[in-house]
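Architecture and fold: a report
Chain by chain, the residues:
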Amino acid sequence: MGLPERLRKEWFILGIALVIAVARLEPAVGVKGGPLKPEITITYIAVSAIFFNSGLSLKTEELTSALMHVKLHLFVQIFTLVFFPAAIWLFLQLLSITPINQWLLKGLQTVGCMPPPVSSAVILTKAVGGNEAAAIFNSAFGSFLGIVITPLLLLLFLGSSSSVPFTSIFSQLFMTVVVPLIIGQIVRRYIKDWLERKKPPFGTISSCVLLMIIYTTFCDTFANPNIDLDKFSLIIVVFIIFSVQMSFMFLTFLFSTRVVKSQSITAIPHPLKKMDLHRCH
């Protein structure tokens, strides 16, 4: 495979690097309250567009069939909201005796307690040819569970808690995930023949929206004047995230092939996906 073909195939990875670089150069454009108004365009419009897109692209039979995979759903939710947070806590106990910035370690634990992000879990599953319908259900269902479970996990592992606006989070998830998905399914019924004939690039569209979400997230990060991290800790944490990612994907593959015997490996919101934009919840 030549270089041009390789670049076309890996355009999404290159796009991630590009949007991070652009965010670093001029973070004020994509911060909350900035010209792009991400608190509206990203939190509501972009996420809604992703699930409307999924509603258009998925057959109704695929969605109803996904609901029947009870073992898969149990595996995904237990892995994400029970096993993974506990495993990260044990791992961070070992790292707590190292000179790594303790706030970074607490941040890793916090991310580990989060439910799957509703946007990237679906898009990345679709990108690798996984069970998109199962990913949609588990991302949405896990996010609703996270409203209750995540605060309890943070209290258990970090000894801290905070008030959670249950009503507003629930309504936001419903309006940006469930409603657009249903509308997409309704629209699909009327343009089904056109969709099957033209085959729009649904995956590419959703990936572009995800790049926009990543861009605004890093704009917020780079625009924060209070970030003061030593390079050693930052490099080590990046290495830790990569190692955890590969280890848990391998563990998930071994376990899922025995228990679920389906496409569960790509339907699971793995650690890297958790790093994406929990602002969208």
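Everything numeric in this text was worked out from a predicted model, so none of it was measured. (Residues numbered from 1 in each chain as written. Predicted model: local features only at pLDDT ≥ 70, side-chain atom pairs only at ≥ 80, totals over all residues. Heavy atoms only, no water.)

1. Digging into the overall build of the protein
Check the secondary structure of the protein and you find 13 helices and zero strands. N-terminal to C-terminal, the α/β element order of the protein is α-α-α-α-α-α-α-α-α-α-α-α-α. Across the 281 residues of the protein, 43% fall into the buried class. When contacts within the protein are restricted to residue pairs at least 6 apart in sequence, long-range pairs at least 24 apart make up 82% of them. About 15,300 Å² of surface is accessible on the protein, with carbon and sulfur atoms providing 71% of the total. (Helix = DSSP H or I, 4+ residues; strand = E, 2+ residues; numbered from the N terminus. Buried < 20%, exposed > 50% of the residue type's maximum accessible area, 1.4 Å probe, protein only. Contact = heavy atoms within 4.5 Å. Areas by Shrake-Rupley, 256 points an atom, 1.4 Å probe, with all protein chains shown as cover.)

2. Looking at the side chain of Gln109
Structurally, Gln109 can be placed in helix H6 (residues 102–112). Residue Gln109 is classed as buried on the basis of its relative accessible area, which comes to 2%. Non-local contacts of Gln109, meaning those with residues more than four positions away in its chain, are made with Pro85, Ile88, Trp89, Leu92, Phe157 and Leu158.

3. Remarks on a nonpolar patch on the surface
Together, Val70, Leu74, Ile78, Val82, Phe83 and Leu251 give the surface a local cluster of nonpolar side chains, amounting to about 540 Å² of exposed area. Take the nonpolar patch: its biggest share by element is five residues, from helix H5 (residues 70–95). Tracing the backbone through its elements, the reader meets Leu251 in helix H11 (residues 231–259). You can call Leu251 partly exposed: its relative accessible area is 38%. (Patch = residues over 30% accessible without salt bridge, like charges linked within 9 Å, V, L, I, M, F, W, Y side chains within 5 Å. Salt bridge = Lys/Arg side-chain N within 4 Å of Asp/Glu carboxyl O.)

4. Some remarks on unusual backbone geometry
Of note in this structure, Lys37 is not a glycine but carries a positive phi near 50°. Assignment of secondary structure puts Lys37 in the loop between helix H2 (11–25) and helix H3 (38–57). A positive phi is found at Lys199, a non-glycine position, where the angle reads about 50°.

5. Here we look at H2
Here H2 contains 15 residues, and its C-alpha end-to-end distance of 21 Å stays within 8% of the 21 Å for a straight helix at 1.5 Å per residue. Within H2, the full set of buried residues consists of Phe12, Gly15, Val19 and Ala23. All buried residues of H2 lie within an arc of 70° about the axis, which places them on one face of the element. Opposite its buried face, H2 presents the exposed residues Ile13, Leu18, Arg24 and Leu25, each directed more than 90 degrees away. (Expected span 1.5 Å × (residues − 1). Arc of directions from axis to C-beta.)

6. Examining the pattern of salt bridges
In the structure shown here, the tally under the stated rule is two salt bridges. Arg8 is the salt-bridge partner of Glu5, the closest N and O atoms lying 3.8 Å from each other. Of this pair, Glu5 and Arg8 both sit in helix H1 (residues 3–9), separated by three residues, roughly a single helical turn. Of the residues examined, Arg8 reaches a relative accessible area of 55% and is grouped as exposed. Here Lys126 makes a salt bridge to Glu132, at a shortest N to O gap of 3.2 Å.

7. Some details on the environment of Thr80
As for its placement among the helices and strands, Thr80 is situated in helix H5. A C-alpha to C-alpha distance of 8.3 Å links Thr80 and Gly112, two positions 32 residues apart in sequence. A polar side-chain atom of Thr80 sits 2.7 Å from the main-chain carbonyl oxygen of Val76. (Polar contact = N/O pair within 3.5 Å; in protein donor to acceptor, adjacent residues only side chain to side chain.)

8. A look at the packing of aromatic side chains
Evaluated as defined, the whole model comprises 10 aromatic pairs. Consider the rings of Trp11 and Phe12, whose centres lie 6.0 Å apart with planes at 80°: the pair is edge-to-face. What makes Phe12 buried here is its relative accessible area of 14%. Taking 6.0 Å as the distance between ring centres and 65° as the angle between the ring planes, the aromatic pair formed by Phe83 and Phe248 counts as edge-to-face. Residue Phe83 is found in helix H5, and its partner Phe248 is found in helix H11; the two are separated by 165 residues along the sequence. Overall, the relative accessible area of 39% leaves Phe83 in the partly exposed class. Judged by its relative accessible area of 11%, Phe248 is buried. Joined through ring pairs, the aromatic side chains of Phe75, Phe79, Phe83, Phe84 and Phe248 make up one cluster. (Phe/Tyr/Trp six-rings, centres within 6.5 Å; stacked < 30°, edge-to-face > 60°.)

These figures come from the coordinates and say nothing about function on their own.
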